Structure formats: C-alpha cells, structure tokens
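Overview (structure and organization)
Each chain is listed here by its residues.
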Amino acid sequence: MAKAPFNIQDQYLNQSRKERVKVIVTMMSGDKLEGYIKSFDNFSVLLDLNCDVLVYKHAISTITSADGSFRLHQ
C-alpha cells in the first residue's frame, strides 16, 4: 500500500488539536480569532471560541499559537 503524501497542514492542525494549543487564526480580512482547534477537514476548520465556529480554509491567512511556543513535531 502506498504511503499517503506528506501534508504539513494536516500535521500542524492535528497536533495543535491533540495538544489543545490555543491558536490565533488570522483571516484574509485581517480579523483574528483566538481559540482551540476542535476539528478540521479538507475545506474547513472547526474552532472552539466559547462556541463552535466553522471557518473555511480559503478564508484563513495564518494560524499560530497564542503564546508563540508551539512547535511541530517532525
């Protein structure tokens, strides 16, 4: 069976979700959302911001940890 291609986006989202890292999602509009990644798929990210917010990936500019300490395990 062929190994799935390396996908850094999925690794980053999954690790930050599992570790309950507080993230800042900067939208293409410049708005910033601060909360936790609850789930994600190919097209969207479900954020926990005191309520569930579904954000479409095409509208996201950047995602970073709120305290800047998160590092992706390689």
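The model shown is predicted, which means the values in this text are computed figures rather than measured ones.

**Comments concerning the pairing of strand S2 (residues 32-40)**
By the bridge criterion, five bridges tie strand S1 (residues 22-27) to S2 in an arrangement that is antiparallel. Counterpart to Lys 22 in the pairing with S2 is Tyr 36. Between the antiparallel neighbours S1 and S2 lie four residues, among them Gly 30 with a positive phi of about 100°. With four bridges connecting them, S2 and strand S3 (residues 44-48) associate as antiparallel partners. Following the sheet pairing, Phe 40 is matched in S3 by Val 45. Hairpin connection between S2 and S3: a loop of three residues separates the two successive antiparallel strands.

**A look at the UniProt feature "domain: Sm" (unreviewed entry) in the protein**
UniProt's entry tags residues 10-69 with the feature "domain: Sm" (unreviewed entry), counted in the numbering of this structure. Helix makes up 15% of residues 10-69 and strand 52%, whereas the separation of the span's terminal C-alpha atoms amounts to 19 Å.

**Concerning the pattern of salt bridges**
One pass over the structure, following the stated rule, counts two salt bridges. For Glu 34, the salt bridge is made with Lys 22, and the minimal N-O distance between the two is 3.8 Å. One end of the pair, Glu 34, is in strand S2; the other, Lys 22, is in strand S1, and 12 residues separate them in sequence. Where Lys 38 meets Asp 52, a salt bridge forms, and the shortest distance between an N and an O atom there is 3.0 Å. Highlighted residues: Lys 38 in strand S2 and Asp 52 in strand S4 (residues 52-56), separated in sequence by 14 residues.

**Some words on unusual backbone geometry**
The phi angle at Arg 20 is positive, at roughly 50°, despite the residue not being glycine. Take Arg 20: it is sitting in the loop between helix H1 (8-18) and S1. The class for Arg 20 is partly exposed, based on a relative accessible area of 48%. You will see that Asn 50, though not glycine, has its phi angle at about 75°, which is positive. As for its placement among the helices and strands, Asn 50 is situated in the loop between S3 and S4.

Conventions and cut-offs
- Residues numbered from 1 in each chain as written.
- Predicted model: local features only at pLDDT ≥ 70, side-chain atom pairs only at ≥ 80, totals over all residues.
- Heavy atoms only, no water.
- Pairing = 2+ DSSP bridges.
- Helix = DSSP H or I, 4+ residues; strand = E, 2+ residues; numbered from the N terminus.
- UniProt positions renumbered as here; feature names shortened; annotations may be inferred.
- Salt bridge = Lys/Arg side-chain N within 4 Å of Asp/Glu carboxyl O.
- Buried < 20%, exposed > 50% of the residue type's maximum accessible area, 1.4 Å probe, protein only.

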